[in-house]
Amino acid sequence: MTMSHAPGDGSVDVSIVLPVFNEKGHLDDEIERIRKTMDESRYSYEIIVVDDGSTDGSAERLRQINGIRLLQFATNRGSGSARRYGTQAATGRIVVWTDVDMTYPNDAIPELVDQLDDVDQVVGARTTEEGTVRLVRRPAKWLIRKLASYLSGVRIPDLNSGFRAFRRDVAIPYLHLLPRGFSCVTTLTMSFLANGYSIKYVPIEYSARAGESKFHWWKDTKRYLLQVVRLTLMWEPMRVFGPPATILGLVGVAKLIYDMIDKDFRVATNTVVILGVAFALALIGMIADLMVQLNKRPQDVMPTTVK
Ligand SMILES: Nc1nc2c(ncn2[C@@H]2O[C@H](COP(=O)(O)OP(=O)(O)OP(=O)(O)O)[C@@H](O)[C@H]2O)c(=O)[nH]1
Ligand SMILES: [Mg+2]
């Protein structure tokens, strides 16, 4: 164990951050299978468990488990907060995020880390959707994923996979952006992509969940969507304002030509309104873009992976 080391000092290869909220039934199984596979691998590691005010006895059980770093919150703050604190406290050069609900192939963590050689983040992309409330989540996820792909300009096979390995030093400047809830995994993906860092996707199996899901389909889906739009506004605002401005602009010009030819140069009020709104949107987009450019910091424009 590396309890005495400072965060990020690279004294272990891999820090595995486990957010826990009421997972008592399979806590031991998950921690054991991670420990076993890591012991057999060539990596030194630490397991950081962030218990988030569990009320089902997970907290008491975790205190009895040796060889883990345990961070405990008195009240529930959400899995995003837990991952953020865990990553902040990590001493490893590489950080792994995964769930503690038997869904992700946690015995394949070393293989996931192996893939990190020439990229900044490796994400396990699920080939099947076994998550809770599948029928609602599948189309919602698809839509948000397509939106995020468009907004970031990169194809994203799995936007909200909770199974990933990444370089801690690259993630640190974006940790404060991670929201409290589930959309923190989406945020990490988009932070990397928007700032020029590379992500590789490897296909993984996704199993049925043990224990109870903490995902609230309406509340959390709404947050996902909002977060994707928010992050785009943060880095690429023109991708939000550009399309409506262009479409309205084209419609306005077409209408203007129609007014000129057919209505003998008597420009209709709605033509003026459409063109005015298009102009305003373009202007807001440009000002937003200017703010992004002016706020760029050195680490945002200098990806550190050199092959
Ligand atoms: N620290 C913390 N962890 C949480 C919280 N809610 C969920 N988690 C953990 O985050 C991981 C993912 O939560 P899940 O409920 O499985 O959410 P999901 O994977 O999006 O949804 P499922 O498809 O139902 O598995 C699990 O390890 C949970 O224990 C929370 O409020 N705080
Ligand atoms: Mg899960």
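Use the structure listed above.
Described in the following lines is the structure provided in the data block. These numbers were taken from a predicted model, which means no experiment stands behind them.

Inspection of every chain in the model, using the stated rule, returns 19 salt bridges. With a shortest N-O distance of 2.8 Å, Arg33 and Glu30 are connected by a salt bridge. One end of the pair, Arg33, and the other, Glu30, are both in helix α1 (residues 24–40), three residues apart, so they sit about a helical turn from each other. For the residue pair Arg33 and Glu30, the accessibility class agrees, reading buried in each case. Arg69 is paired through a salt bridge with Glu46; the nearest N and O atoms lie 3.0 Å apart.

We now examine the packing of helix α7 (residues 184–194) against helix α8 (residues 217–235). Remark: α7 packs on α8, axes separated minimally by 10 Å, with the N-to-C direction vectors making an angle of 20°. Between α7 and α8, the interaxial angle falls into the category roughly parallel. In this structure, α7 crosses over α8, and the sense of that crossing is right-handed. Taking contact as the criterion, the partners of Val185, Thr186, Thr187, Met190, Ser191 and Ala194 in α7 are, on α8, Tyr224, Gln227, Val228, Leu231, Thr232 and Trp235. Among the residues forming the contact of α7 with α8, the class breakdown is seven nonpolar, five polar and no charged.

Further remarks concern the environment of Thr186. In this structure, Thr186 sits in helix α7. Between the C-alpha atoms of Thr186 and Gly162, which are 24 residues apart in sequence, the distance is 9.0 Å. Once residues within four sequence positions are removed from consideration, Thr186 is found in contact with Leu159, Asn160, Tyr224 and Val228.

Let's shift gears to unusual backbone geometry. In this structure, Asn22 takes a positive phi of about 55° despite not being glycine. Even without being glycine, Asp264 reaches a positive phi, approximately 55°. Take Asp264: it is sitting in the loop between α9 (238–262) and α10 (269–294).

Below, the discussion takes up the layout of surface pockets. In this model, the largest pocket occupies a volume close to 700 Å³. Elements represented by at least two residues in the lining of the largest pocket include exactly β1 (12–20), α3 (79–89), α5 (134–152) and α8. Of all the elements, α8 adds the most residues to the lining of the largest pocket, at four residues. A per-class count over the lining of the largest pocket returns eleven nonpolar, twelve polar and 17 charged.

Turning our eyes to something else, we now look at the nonpolar core. Counting 35 residues, the largest nonpolar core has Trp97, Phe166, Leu188, Phe192 and Val228 as its most contacted members. Going through the elements one at a time, β2 (45–52), β4 (92–97), β5 (121–126), α5, α6 (168–171), α7, β7 (199–204) and α8 are the ones with two or more residues in this core. When residues in this core are grouped by element, the largest group, six residues, is from α7. Apart from residues no more than four positions distant in its own chain, Trp97 is found in contact with Val17, Arg83, Thr87, Gly162, Phe163, Arg164, Phe166, Leu178, Cys184, Val185 and Leu188. Residues Leu62, Ile68, Val122 and Phe163 belong to the second largest nonpolar core, which totals 30 residues.

Take the pairing of strand β6 (residues 164–167) next. Side chains Arg164 and Phe166 of β6 all project onto a buried face; the interleaved residues Ala165 and Arg167 project onto the opposite face, where all are buried too. Where β4 lies against β6, four bridges are found, and the strand directions are antiparallel. Paired with Ile94 across the strands is Arg167, a residue of β6. Summarising the sheet, β5 and β6 pair through three bridges and their orientation is antiparallel. What sits directly across from Gln121, in β6, is Phe166.

What counts, and where the lines are drawn
Residues numbered from 1 in each chain as written. Chains lettered and ligands numbered in written order. Predicted model: local features only at pLDDT ≥ 70, side-chain atom pairs only at ≥ 80, totals over all residues. Heavy atoms only, no water. Salt bridge = Lys/Arg side-chain N within 4 Å of Asp/Glu carboxyl O. Helix = DSSP H or I, 4+ residues; strand = E, 2+ residues; numbered from the N terminus. Buried < 20%, exposed > 50% of the residue type's maximum accessible area, 1.4 Å probe, protein only. Axes fitted to C-alpha atoms, helices over the stretch in contact; angles between N-to-C directions. Parallel < 35°, antiparallel > 145°, perpendicular 65-115°, else oblique. Left-handed = near helix turned anticlockwise from the far one by under 90°. Contact = heavy atoms within 4.5 Å. Nonpolar A, V, L, I, M, F, W, Y, C, P; charged D, E, K, R; others polar. 1 Å grid on protein atoms, 1.4 Å probe; cavity = no way out; pocket = protein on both sides within 12 Å on 5 of 7 lines; lining within 4 Å. Points joined across faces, edges and corners; volume = space filled by probe spheres on them. Core = buried A, V, L, I, M, F, W, Y, C linked by side-chain atoms within 4.5 Å. Pairing = 2+ DSSP bridges.

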